[in-house]
Amino acid sequence: MAIRLSLISCIVLAYASAALAQTATVVVRPKEIDSVLVNPGMGIQTFQRYNGDAINPGLGWSEEGPTEKLTPAAGAVDFPPSSISYCRWFWETLEPEQGKVRWGILDTALREARAHHQTLAIRLMPYDEKHPLPEWYRKSGARRANRPTDKDGDIWQPDFADPLYLKYWGALVAAAGERYDGRPELESVDISSVGYWGEGWSPYMPEFEVQKKLVDIWIEAFKRTPLLMNFDEEKALAYATHHGTGWRLDCWGDMRLSSDDPHFPAEMLDIYPQQVVRAGVQDIGLRSPVSLEACWVPGYWKQQGWGLKYIMDQALRWHVSSVNIKSSAIPPEWKAAFDDFQKKMGYRFILRRLEYAPTIEPGTMQPLHMWWLNAGVAPVYRPYDLAVELRSASASAIIKLPADVRKWLPGDAVSDGTVYIPETLMPGSYRLRIALLDPRTGQPAIKLANEGLQADGWYDFAAVTVR
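First things first, this report covers the structure right here in the doc. (Residues numbered from 1 in each chain as written. Predicted model: local features only at pLDDT ≥ 70, side-chain atom pairs only at ≥ 80, totals over all residues. Heavy atoms only, no water.)

Another point: the pattern of salt bridges. All told, the structure shown has 31 salt bridges when counted by the stated rule. In this structure, arginine 352 engages glutamate 32 in a salt bridge whose closest nitrogen and oxygen atoms are separated by 3.1 Å. With arginine 352 in strand S10 (residues 349-356) and glutamate 32 in the loop between strand S1 (26-28) and strand S2 (43-47), this pair connects stretches of sequence that are 320 residues apart. What makes arginine 352 partly exposed here is its relative accessible area of 31%. Exposure remark for glutamate 32: the relative accessible area of 44% places this residue in the partly exposed category. Residue glutamate 97 is joined to lysine 100 by a salt bridge in which the shortest nitrogen-to-oxygen separation is 3.5 Å. You can call glutamate 97 partly exposed: its relative accessible area is 46%. In the salt-bridge network here, residues are joined through shared partners; they are Glu63, Arg88, Arg123, Asp190, Arg248, Asp250, Glu293 and Lys326. (Salt bridge = Lys/Arg side-chain N within 4 Å of Asp/Glu carboxyl O. Helix = DSSP H or I, 4+ residues; strand = E, 2+ residues; numbered from the N terminus. Buried < 20%, exposed > 50% of the residue type's maximum accessible area, 1.4 Å probe, protein only.)

As structure tokens, then:
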């Protein structure tokens, strides 16, 4: 009897040891890298052009977006690689005849952005001093807000409260939404209805109830593509962001101490930091994009002797994801600072710790724990699939994990749980690889701040034995 019990005990211990060997875990601490990462939906944008196109000379830029395919630069371009092309067009360019919209302009821009490995952010603009409202609109019986004899009489200023403005501008916006809303190549759309360049300010501001209607046409038209509300009117900014939009401003970097122009006050030291608080948008960047546009260009900031650190620190406090420096050269002395800025803006995912079972068996559940750090100032806003791949010389299996990476806010994130090992996996030696996949294509889409990147976009972190 004692011999039989001893034998049973040995068998039980053997099975227990085998089970323990299968479930024992090891810890890997992947190495971090310090490189600038070009990732979707964030970083320095190209403006009115695409990756590889010539940058603007000197301190100038153009407000007119491309209307056809551009000729690439003859040689290398001294500008950071970018995941976003930001372009904008005037109403008169898009709809020179009523109802005959030149959609080919936007179609070409979307194709070109994709061909240059970018998404496209856009703004449709009503007018500015050099690009009037469409002639057909001015002759439609629409009301004018100023007279030819006024100081600004050379510019036909619209009455934004005129029902015809809401009707005709709203028709263009609605048609754009019907055609482009939800396109994967479309990164974001600016809410643009009032004033020069559609920036949201005007000497002829309508009542807030009218402003709301001019915001609502965008919210109705674009329900899937992220919208960015222009910053200038506090109540309108609060209204739009309350309805789920992100926000953007057009004069990031303006460090003037004062201004005698009531429509162009000192922005960075007077208006912007305070209005962010008053409008309640301090933390909007934790759930919707924040994008900033340089006032003038960085070369002008340097020329004026303005403090770059303050400019960048303020942007990071606002949870910035992308900036438009108007495809203008970064002063050589500032390139290191811009590199450092790019490592902090948007999201930056680092795998700190990986715990897994090094020996596994097909058809079983196995533990898998990951500790991540988002070292940026914002989350990623689009969904991506966190996936593990087991790959050998002759076989592979991809296992998607139930993690919503959009909830990885700045700071630490943990993915705890178990994974099912496919029963079809053949015995052998495998590599454990990790990637964040585009759910539309199933391909790796986001670079990590870790060593181990492979040619196919996956990160190789550890060895696994399948028994």
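Moving on, we come to the nonpolar core. Membership of the largest hydrophobic core comes to 90 residues, with the highest contact counts inside it found for Trp218, Trp247, Trp252 and Leu292. Membership of the second largest hydrophobic core comes to 36 residues, among which are Ala357, Leu386, Ile446 and Phe461. (Core = buried A, V, L, I, M, F, W, Y, C linked by side-chain atoms within 4.5 Å.)

Here the focus is the state of the cysteines. A covalent bond between the sulfur atoms of two cysteines is what we call a disulfide. One pass over the full model with this rule turns up one disulfide. Each sulfur of the disulfide joining cysteine 251 and cysteine 295 lies 1.6 Å from the other. Remark: cysteine 295 occurs in the loop between strand S8 (290-294) and helix H9 (298-304) and cysteine 251 occurs in strand S7 (residues 246-252); sequence separation between them is 44 residues. The exposure classification of cysteine 251 matches that of cysteine 295, with both residues buried. (Disulfide = S-S within 2.5 Å.)

This part takes up the packing of helix H5 (residues 163-180) against helix H6 (residues 208-221). It is the contact of H5 with H6, at a shortest axis distance of 8 Å, that shows an interaxial angle of 20 degrees. Judged by the angle between their axes, H5 and H6 are roughly parallel. Considering the relative orientation of H5 and H6, their crossing is right-handed. Between H5 and H6, the residues in contact are Tyr165, Leu166, Trp169, Gly170, Val173, Ala174 and Gly177 and Lys213, Leu214, Ile217, Trp218 and Ala221, respectively. Taken together, the residues of the contact of H5 with H6 break down into nine nonpolar, two polar and one charged. (Axes fitted to C-alpha atoms, helices over the stretch in contact; angles between N-to-C directions. Parallel < 35°, antiparallel > 145°, perpendicular 65-115°, else oblique. Left-handed = near helix turned anticlockwise from the far one by under 90°. Contact = heavy atoms within 4.5 Å. Nonpolar A, V, L, I, M, F, W, Y, C, P; charged D, E, K, R; others polar.)

Contact geometry of helix H8 (residues 267-278) with helix H10 (residues 308-317) gives a least axis separation of 12 Å together with a crossing angle of 10 degrees. What the angle tells us is that H8 and H10 run roughly parallel. Contact with H8, carried on its side by Met268, Leu269 and Pro273, involves Tyr310, Ile311 and Gln314 of H10 and no other residues of that element. In terms of residue class, the contact of H8 with H10 is made up of five nonpolar, one polar and no charged.

What follows deals with the sheet that holds strand S9 (residues 322-324). The strand order S2-S3-S4-S5-S6-S7-S8-S9 describes a closed barrel built from eight strands, whose pairing is parallel. Taking each pair of neighbouring strands and ignoring which way they run, the sheet shows an average axis angle of 30 degrees. Relative to strand S3 (residues 84-90), S2 runs parallel, the two sharing two bridges. When the sheet's bridge partners are listed, threonine 46 is paired in S3 with serine 85. (Pairing = 2+ DSSP bridges.)

Our next topic: the side chain of aspartate 190. Relative to the assigned elements, aspartate 190 resides in strand S5 (residues 186-191). Within the structure, the side chain of aspartate 190 is placed 3.0 Å from the side chain of arginine 123, a separation counted as a polar contact. Those residues in contact with aspartate 190 that lie beyond four places of it in its chain are Tyr86, Ile122, Arg123, Trp218, Leu228, Asn230 and Arg248. (Polar contact = N/O pair within 3.5 Å; in protein donor to acceptor, adjacent residues only side chain to side chain.)

Spatial ordering of the open sheet is given by S11-S18-S17-S13-S14, a layout of five strands whose pairing is mixed. Of all strands in the sheet, those bounded by a partner on one side alone are strand S11 (359-360) and strand S14 (396-400). The sheet contact formed by strand S13 (residues 385-391) and S14 spans five bridges and is antiparallel. Across the sheet, the residue bridging to leucine 390 is alanine 397, located in S14.

Quick look at the packing of aromatic side chains now. As enumerated under the stated definition, the model contains 33 aromatic pairs in all. On the numbers, 6.1 Å between centres and 80 degrees between planes, the contact of tyrosine 137 with tryptophan 156 is edge-to-face. On the criterion of sequence distance, the pair formed by tyrosine 137 in helix H4 (residues 135-138) and tryptophan 156 in the loop between H4 and H5 is long-range, its members being 19 residues apart. Centroid distance phenylalanine 264 to tryptophan 296: 5.8 Å. Interplanar angle 50 degrees. Geometry classified as tilted. Taken together, the residues phenylalanine 264 in the loop between S7 and H8 and tryptophan 296 in the loop between S8 and H9 connect sequence positions 32 residues apart. Taken together, the ring pairs connect Trp91, Trp136, Tyr137, Trp156, Phe160, Tyr165, Tyr168, Trp169, Trp218 and Phe222 into an aromatic cluster. Note that arginine 256 overlies the ring of phenylalanine 264, its terminal NZ or CZ placed 3.8 Å from the centroid. (Phe/Tyr/Trp six-rings, centres within 6.5 Å; stacked < 30°, edge-to-face > 60°. Lys NZ or Arg CZ within 6 Å of the ring centre and 35° of its normal.)

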